[in-house]
Amino acid sequence: MQGRLRRLLPAPPPRALLFRSLSSSPPPKGGGDGGSGVPVKQVTRGNLAEALEELRGRVREATFVGLDLEMSGVTSAPWRDTFELDRDDVRYLKLRDSAERFAALQLGVCPFRWDPAKSAFVAHPHNFFIFPRKELSDCPSHEFLCQTTSIDFLAKYQFDFNTCFREGISYLSRAQEEEALQKLNLLHQDQTSASSTTSEGDGDMPLERAADILFTERMKMNFKEWRDVIVSKPDSHLLGNTKCAAGQFQTVFFKMRPAIMLNGFSSHQLQLIEQVLRKNFRDLVYVCTFGEDDTSEKRVVYSDTDEDKILLMKDVQEDLLKSREARVKSAIGIRHVIDLLSSERKLIVGHSCILDIAQVYSKFVGPLPSSIKEFALSIHKIFPHIADTRHLMSVNQAVQKLMKQKSKSLSSAFSFLCPASHSYAMKPSSLSPVKIEVEGDETKSSCFISGAKHEAGYDAYMTGCVFAQLCTYLDIKFDQLSPQDNLATNNKLQKHINLLSPSWNSGTVIDLSSGMERPEPGNMRRYPAPVYDNIVLIWGFMSKVRPKEIKDCICKVFGLGSVRSVFSIDSTAVLVQFKKPESVNDFLDLKAVLERTDSAISILHPLSTILEGGQTRAAKYDTYRDICSSSESKYLFADQAEAVCATSENQLQENVDDNLISGVHQSILDGTVLASVNKGDGTKSGSKNEGDADITCQHILDALHDGRALIGRRMRS
């Protein structure tokens with residue numbers, strides 16, 4: 001009732017509603033019910049134009065802008081998660097897969113302006129709902145995946161799916177816009193060329209049916225009668241309706257010329273009408289245009305000279321091109337926000353934001369580049385200043401101590417770095433907190449709701465608050481800032497700008513200005529840095545085989561300490577890192593020998609535990625990269641690998657000399673095998689060159705039973 005009365009009363013003078021953000025506690029952990037007390041402006045396609053106009057001024061005045069996205073998913077399969085043994089190019093392939101497969105459902109944008117008079121930041125959180133609706137008839141429909149865990153997570157926090165799907169703002173990326181405009185220009189050129197070269201006999205339909213013959217004759221008579229009235233009585237068309245023998249046409253104006261609207265005709269009849277006009281009337285022109293709702297409008301227009309007809313058709317084609325271009329421009333939608341942020345070149349602040357940035361690029365710029373370096377350099381051109389609060393938390397010892405053994409998530413960082421005012425005494429720091437106020441317009445309060453966690457607008461606000469507090473730990477004095485100062489060029493902050501964490505477990509940062517990846521300061525690796533030339537990929541083994549069993553089997557062959565680690569990709573695949581790079585080829589060769597040898601060796605060999613079932617495959621690390629780069633989407637890695645490798649079998653050719661295989665068979669028949677037997681320390685003994693006696697098949701079996709290794713890499717026939 002009060003809301004209705006307020007709308008009926010005269011609007012009060014514009015007045016800001018200010019909310020002290022640091023005086024309100026974070027939203028409840030259990031869900032989205034119960035707001036934060038922070039008003040967040042909700043933007044849908046219904047109020048986008050108004051919100052964009054307001055946001056333009058807010059961004060222009062901003063010191064920095066918080067950014068966040070909510071998505072329909074993160075990983076399409078468990079093996080698409082980032083692992084400690086992922087190389088930088090593999091991590092990027094997984095990042096690209098996520099950004100391309102899943103949809104952005106919300107975009108959060110929160111400009112923060114430093115107000116010297118208040119010694120506080122003034123924030124304006126905006127929450128944009130997004131839905132990739134098809135806006136252009138000649139563009140393909142969008143497709144995207146939904147990860148059930150992500151959807152369930154958003155539902156838990158009361159994400160408004162109805163508003164998203166019904167009122168979400170659509171978009172065209174820059175690449176899609178450019179492609180659509182190119183199509184329009186080609187279509188315009190083709191239509192212009194066709195209209196200038198069309199002759200009277202072109203496109204004529206044979207009149208075989210009696211109904212078609214009668215229809216064309218009737219239309220010819222009606223058009224002639226209407227044209228004669230127009231010519232003999234130039235002012236008669238002002239009356240609106242012109243009587244004809246078979247009825248009456250309604251005369252209208254088109255481009256200041258008399259015309260007839262053709263309503264109620266089928267597409268076949270319209271073709272016949274166009275043919276009648278082309279063959280019988282040089283001063284009547286068939287014109288098809290499109291209205292604002294993209295519906296076609298057909299007319300017959302009177303044009304008294306050939307020059308006037310050419311001018312008329314030129315005007316029609318130009319208008320058609322302009323209207324189509326306008327439809328393309330209107331379909332840009334939410335991308336206007338991204339273009340605004342890019343053009344203003346403001347400092348963009350995100351939290352673990354590389355996936356957000358990749359989503360922005362994929363949805364609003366174009367297809368993601370093929371390499372991480374190209375991606376970094378391209379992003380740097382669009383957003384020259386980006387700060388990652390997760391990285392900033394790692395560059396200051398005081399922050400590291402404060403966040404020690406605590407989650408580095410956004411909500412956790414907000415809780416510890418931006419506590420409620422009554423908690424200041426508990427804060428283990430003598431630094432004065434940065435004051436932040438949220439400003440809303442009272443006259444448009446219906447657009448605002450109380451923000452909650454995992455809503456993009458509120459998360460963008462939390463990100464900005466965390467960033468402001470982190471700046472105090474870098475000894476940045478906001479009181480000394482002037483409105484003209486660019487915070488991104490501050491000498492205490494600049495060295496931490498444009499460094500993004502590629503994943504939570506990489507221990508590295510990507511420098512967007514150079515495209516290079518380097519170790520993150522202060523990061524303590526849980527594991528030694530992987531040596532990728534020493535890694536072999538194994539998949540398709542029996543699901544009951546555990547990584548520890550795989551390691552034990554391989555160590556029986558190659559010696560204790562020969563395997564540094566076995567990392568489980570999922571239940572169907574592992575990455576094995578050897579101590580020495582030559583062990584990779586040794587393993588692949590030995591695997592091929594055992595699989596091709598039908599003897600006691602293959603049955604009783606320690607590797608038979610891994611090879612059981614005959615479906616086990618193995619390859620070098622680059623094959624792992626190629627599998628991750630595929631557009632195939634299988635839930636289990638073994639299925640993914642088989643789907644990819646079925647079309648590129650050459651990647652998995654284990655180059656084993658046929659003489660090696662035949663040597664195994666021959667040695668078994670002869671009862672002799674010249675082999676190198678590994679000791680427990682991995683060194684080889686028993687070489688024929690040392691004068692040792694030949695090893696018999698019984699010796700081989702005894703060695704296998706004893707758990708000793710036998711590698712048949714060098715054999716004599």
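Residues numbered from 1 in each chain as written. Predicted model: local features only at pLDDT ≥ 70, side-chain atom pairs only at ≥ 80, totals over all residues. Heavy atoms only, no water.

This brings us to the overall build of the protein. Looking only at helices and strands, the protein has 24 helices and 24 strands in total. Relative to its 717 residues, the protein shows a buried fraction of 50%. Partitioning the contacts of the protein with sequence separation of at least 6, the portion at a separation of at least 24 is 75%. Surface exposure of the protein reaches about 34,900 Å², of which carbon and sulfur atoms provide 51%. (Helix = DSSP H or I, 4+ residues; strand = E, 2+ residues; numbered from the N terminus. Buried < 20%, exposed > 50% of the residue type's maximum accessible area, 1.4 Å probe, protein only. Contact = heavy atoms within 4.5 Å. Areas by Shrake-Rupley, 256 points an atom, 1.4 Å probe, with all protein chains shown as cover.)

On to the sheet that holds strand β17 (residues 508-511), then. The antiparallel open sheet is built from 3 strands, whose spatial order is β16-β17-β18. Each having just a single partner strand, β16 (499-500) and β18 (516-519) make up the two edges of the open sheet. Relative to β17, β16 runs antiparallel, the two sharing 2 bridges. Bridging across to β17, Leu499 finds its partner in Asp511. (Pairing = 2+ DSSP bridges.)

Right, let's talk about the sheet that holds strand β20 (residues 563-570) for a bit. Ordered by their spatial adjacency, 4 strands build an open sheet running β20-β21-β19-β22, and the pairing between neighbours is antiparallel. Only two strands of the sheet have a single neighbouring strand rather than two, namely β20 and β22 (617-620). Taken over all neighbouring pairs, the strand axes of this sheet differ in orientation by 20° on average, direction set aside. For β20 and strand β21 (residues 573-578), the ladder comprises 6 bridges, and the chain directions are antiparallel. Bridged to Phe567 within β21 is Leu575. (Axes fitted to C-alpha atoms, helices over the stretch in contact; angles between N-to-C directions.)

One non-glycine residue with positive phi stands out, namely Gln158, at about 60°. Note that Gln158 resides in the loop between α4 (148-156) and α5 (161-167). Its relative accessible area of 52% is what places Gln158 among the exposed residues. Positive phi, close to 55°, is recorded for Arg345, a residue that is not glycine. Looking at the element boundaries, Arg345 is found in the loop between α10 (335-344) and β12 (348-350). Judged by its relative accessible area of 47%, Arg345 is partly exposed.

Another point: the side chain of His391. As for its placement among the helices and strands, His391 is situated in helix α13 (residues 389-392). The buried category is assigned to His391, whose relative accessible area is 1%. Dropping the residues within four chain positions of it, His391 is found in contact with His496, Leu499, Ser501, Val509, Glu520 and Pro521.

Side-chain alternation along strand β6 (residues 126-129) places His126 and Phe128 on one buried face and Asn127 and Phe129 on a second face that is also buried. As defined by bridge partners, strand β4 (residues 104-115) adjoins β6 across 4 bridges and the pair is classed as antiparallel. Residue Gln106 lies in a different strand from β6, and its bridge partner there is Phe129.

On to the pattern of salt bridges. As enumerated under the stated definition, the model contains 37 salt bridges in all. Of the charged contacts in the structure, one is a salt bridge between Arg227 and Asp228, with a shortest N-O distance of 3.2 Å. Using a relative accessible area of 16% as the deciding quantity, one classes Arg227 as buried. Here Asp622 makes a salt bridge to Arg625, at a shortest N to O gap of 3.7 Å. Here Arg625 and Asp622 lie together in helix α21 (residues 621-629), a separation of 3 residues that amounts to about one turn. Its relative accessible area of 38% is what places Asp622 among the partly exposed residues. For Arg625, a relative accessible area of 27% translates into the label partly exposed. Put simply, Lys41, Glu50, Glu54, Arg58 and Glu439 are held in one network by salt bridges that share partners. (Salt bridge = Lys/Arg side-chain N within 4 Å of Asp/Glu carboxyl O.)

To continue, consider α21. What α21 keeps buried is the set Tyr621, Thr623, Tyr624, Asp626, Ile627 and Cys628. Buried residues along α21 sit against α3 (88-101), β19 (535-539), β20, β21, β22 and α22 (637-645).

Right, let's get into the nonpolar core. Among the nonpolar cores identified, the biggest contains 47 residues, and Leu107, Val109, Phe128, Ile334, Phe375 and Ile386 are the most heavily contacted of them. Put simply, the parts of the chain that give this core at least two residues each are α2 (48-61), β3 (64-71), α3, β4, α10, α11 (354-364) and α12 (372-382). In terms of residue count, the dominant contributor to this core is α11 (7 residues). Judged by nonpolar contacts, the second largest core, of 43 residues, contains Phe112, Ala123, Ile436 and Val466. (Core = buried A, V, L, I, M, F, W, Y, C linked by side-chain atoms within 4.5 Å.)

Under the definition given, this model contains 27 aromatic pairs. Both rings, one in Phe153 and one in Tyr157, keep their centres 5.1 Å apart while their planes meet at 50°; by these two values the pair is tilted. Residue classification places Tyr157 among the buried positions, given a relative accessible area of 11%. A ring pair is formed by Tyr361 and Phe375, whose centres lie 6.0 Å apart and whose planes are at 70°; its orientation type is edge-to-face. Here Phe375 lies in helix α12 and Tyr361 lies in helix α11, a separation of 14 residues in the sequence. As far as the burial class goes, Tyr361 and Phe375 line up, both buried. Put simply, the rings of Phe64, Phe112, Trp114, Phe121, Phe414, Tyr458, Tyr461, Phe467 and Phe478 touch in pairs and so form one group of aromatic residues. Note that Arg87 overlies the ring of Tyr532, its terminal NZ or CZ placed 5.6 Å from the centroid. (Phe/Tyr/Trp six-rings, centres within 6.5 Å; stacked < 30°, edge-to-face > 60°. Lys NZ or Arg CZ within 6 Å of the ring centre and 35° of its normal.)

It is worth spelling out the confidence of the model for the protein at this point. Predicted confidence across the protein gives a mean pLDDT of 80, with 76% of residues reaching 70 or more. Of all helices and strands in the protein, the one with the weakest mean pLDDT is helix α1 (residues 2-8) (38), whereas β12 scores best (98). Note on residues 649-656: pLDDT is under 50 here. Beyond four places in sequence and across chains, it has 21 contacts. A low-confidence stretch, residues 703-717 (pLDDT under 50), is modelled with 45 contacts involving residues beyond four sequence positions or located in other chains. (pLDDT = per-residue confidence, 0-100.)

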